[in-house]
Amino acid sequence: MAFADELQIQDPECSIIIVDRHASPGGHWNDAYPFVTLHQPALFYGVNSELLGTGGGDLSSRAEILAYYERVLAKMLRSGRVQYFPQSDSMGGTRFRSLLEPDLEYEVRVHRKIVDATYMNVEVPSVRGPQYEVAEGADLVPINGLADLRQPVGAVVVVGAGKTGIDAVLYLLGRGVAPERIHWVIPNDSWFLDRAHIQPNQPVGKGLGGQLEVLLASDTMEEAMAEMSRREQLLRLDPEVWPTKYRCATVSRSELDELRRVRQVIRKGRVVRVEAARMTLEQGEWSSSEKVLFVDCTADGLARRDRCPVFEGPRITLQSLVMCQQVFSAAVAAMVEIRCGTDESEKNRLCQPVPHPVDTRDFLVAMAVSSANLQAWGQSFGRWLRRSRLSLASHQTFPNLVRQAWQSYRSLRSNPEAFENLLAREFPESYAPVPPESSRRD
């Protein structure tokens, strides 16, 4: 939707066909749990042409987001240049079919490009299901099922330590469930972003600019993460446990205080099997004398994908171009597609894919490529960045934006080989952060 919206802005005469597996727009928000909200401000989420939320740090709800995308789609359809085919699926190439009528197939005469917006393949627990064995008699629900509970249970086991697991724990605590009744399976601890740092007009040294400064001044990732933790640029659930994952999970300080009320944290690796009141994990077992409700929060919503060129002949493959900023990245890709014409090498230079970080050292790669992209964009279309509501830069005051840019420039200028040296130390197997343009996924 962000891509199509920006494409219409850049080229009002273009014709667009949107093929959607869902019955209505909104992608994975259609399948998400009813109490989910955005994890970062609505101020820079959605599409460029339509405001979302009430401004500031407002975090829109699932219902608000779905209504928002209905408005966006209605506006697109009124233009007469967009056709929407819900409950349909691609057959590859230029063909797609109805998911309801097996004999209803379509073939499109593609004049310009096919855009693959499924590549990141966002999955949520309600549609993927657990990837561990569930014995007969075990009471297990996806996180969506929490909103349907009508009677108490003896113990609740939240399986999964990502943002979905965080939301499940916060939901239970927010409904008055006693912390001692909540058991939380955390196979690996993750670093958390402080939501207060992902706001417009952060002082110099805060937010991503502050993290960049620390990275460029560090000799190892362990040193960098320790310094960011000391500066409270990154948070952790337990001060005594060193996180090994970085998944862009975002919390507020008050949410972190709530999460720390749960003392029954199970750190025995991933779940292998659940039974009625028993659980087998990679590094041990857990059991309860009470009735147990298992809550599955394990779907990898932003799993790591092999990178491929965004622009390759007649195909555009949408990917993150800034760490964990998918909608903004899609809008950038649309703008670059129109403005750069047929120069595919220039398009791919401006749109280097940023892999979703999983492990701590992936954070380094994501920051390095994001930084390179942002610098290139500032030089090539800085004015557009200032106007795009999906860009954090558009919500900065001009003086603060100049200060932030100067800080980043000074950090990079003072040690121009810092990223390369740190990457070489962390990836001795000669990991290349930017793949050759000729590489392609299967």
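Residues numbered from 1 in each chain as written. Predicted model: local features only at pLDDT ≥ 70, side-chain atom pairs only at ≥ 80, totals over all residues. Heavy atoms only, no water.

## Focus on the overall build of the protein
In step 1: From N to C terminus, the protein includes 12 helices and 20 strands.
In step 2: For a compact globule of 442 residues, the expected C-alpha radius of gyration is about 22 Å, and the protein comes in at 23 Å, within 12% of that figure.
In step 3: Reported as C-alpha extents along the three principal axes, the dimensions of the protein are approximately 65 × 65 × 45 Å.
In step 4: Of all 442 residues assigned to the protein, the portion counted as buried reaches 50%.
In step 5: Partitioning the contacts of the protein with sequence separation of at least 6, the portion at a separation of at least 24 is 70%.
In step 6: Carbon and sulfur atoms make up 50% of the accessible area of the protein, which totals about 20,700 Å².
In step 7: In the protein, the 51 positive side-chain charges and the 56 negative ones have mean positions that sit 4 Å from each other. (Helix = DSSP H or I, 4+ residues; strand = E, 2+ residues; numbered from the N terminus. Rg over C-alpha atoms; globule rule 2.2 N^0.38 Å. Buried < 20%, exposed > 50% of the residue type's maximum accessible area, 1.4 Å probe, protein only. Contact = heavy atoms within 4.5 Å. Areas by Shrake-Rupley, 256 points an atom, 1.4 Å probe, with all protein chains shown as cover. Lys, Arg positive; Asp, Glu negative; His and termini not counted. Charge placed at Lys NZ, Arg CZ, Asp CG, Glu CD.)

## Re the layout of surface pockets
In step 1: The calculated volume of the second largest pocket comes to roughly 1,300 Å³.
In step 2: L374, A393, L401, Q404 and S408 are, among the 45 residues lining the second largest pocket, the residues nearest its centre.
In step 3: Elements represented by at least two residues in the lining of the second largest pocket include exactly β11 (190-194), α5 (207-216), β13 (245-251), α10 (360-387) and α11 (398-414).
In step 4: With 10 residues, α10 is the single largest residue contributor to the lining of the second largest pocket.
In step 5: Its residues assigned to classes, the lining of the second largest pocket comprises 23 nonpolar, 19 polar and three charged. (1 Å grid on protein atoms, 1.4 Å probe; cavity = no way out; pocket = protein on both sides within 12 Å on 5 of 7 lines; lining within 4 Å. Points joined across faces, edges and corners; volume = space filled by probe spheres on them. Nonpolar A, V, L, I, M, F, W, Y, C, P; charged D, E, K, R; others polar.)

## A few points about the pattern of salt bridges
In step 1: Counted according to the given criterion, the structure contains 23 salt bridges.
In step 2: Residue K163 is joined to D167 by a salt bridge in which the shortest nitrogen-to-oxygen separation is 2.8 Å. Of this pair, K163 and D167 are both found in helix α4 (residues 163-174), four residues apart, which corresponds to roughly one turn of the helix.
In step 3: Classification of K163 as buried rests on a relative accessible area of 12%.
In step 4: One salt-bridge network, held together by shared partners, links E213, E227, R230 and R231. (Salt bridge = Lys/Arg side-chain N within 4 Å of Asp/Glu carboxyl O.)

## Focus on the confidence of the model for the protein
In step 1: In the predicted model, the protein carries a mean pLDDT of 89, and 94% of its residues have values of at least 70.
In step 2: Considering each helix and strand of the protein separately, the mean pLDDT is smallest for α11, with a value of 72, and largest for strand β2 (residues 82-85), with 98.
In step 3: Taken together, the stretch residues 433-442 has pLDDT below 50 and engages in 25 contacts with residues farther than four places along the chain or on a different chain. (pLDDT = per-residue confidence, 0-100.)

## Some remarks on the sheet that holds β11
In step 1: With respect to topology, three strands assemble into an open sheet ordered β12-β11-β13, the strand pairing being mixed. A strand with exactly one partner marks an edge of an open sheet, and here the two such strands are β12 (234-235) and β13.
In step 2: Pairing geometry for β11 and β12, over two bridges, is antiparallel. Note on β12: the bridge partner recorded for F192 is L235. (Pairing = 2+ DSSP bridges.)

## Notes on the pairing of strand β17 (residues 284-287)
In step 1: With four bridges connecting them, strand β16 (residues 278-281) and β17 associate as antiparallel partners. Bridging across to β17, T280 finds its partner in E285.
In step 2: Where β16 hands over to β17, the hairpin turn is made up of two residues, counted between the paired strands.

## Quick word on the sheet that holds strand β18 (residues 292-296)
In step 1: Pairing is parallel in the open sheet, where five strands are placed in the order β8-β18-β9-β10-β14. At either margin of the open sheet sits one strand with a lone partner, and together these are β8 (140-142) and β14 (264-266). The mean inter-strand angle of the sheet, taken between neighbouring strand axes irrespective of direction, is 25 degrees.
In step 2: Of the pairings in the sheet, the one linking β8 to β18 comprises three bridges and is parallel in character. The residue of β18 that forms the bridge with L140 is F294.
In step 3: Sheet contacts for α4: β9 (155-159) and β10 (182-185); angle to β10, the most-contacted strand, approximately 175 degrees. (Axes fitted to C-alpha atoms, helices over the stretch in contact; angles between N-to-C directions.)

## With respect to empty space enclosed by the protein
In step 1: All chains considered together, the criterion is met by two cavities of 30 Å³ or more.
In step 2: The computed volume of the largest cavity comes to approximately 80 Å³.
In step 3: Taken together, Y119, M120, R305, R307, Q319, S320, P353, V354, P355 and H356 form the lining of the largest cavity.
In step 4: Surrounding the second largest cavity, A161, W184, I186, N188, D189, S190, F192 and L237 form its lining.
In step 5: Taken together, the residues of the lining of the second largest cavity break down into five nonpolar, two polar and one charged.

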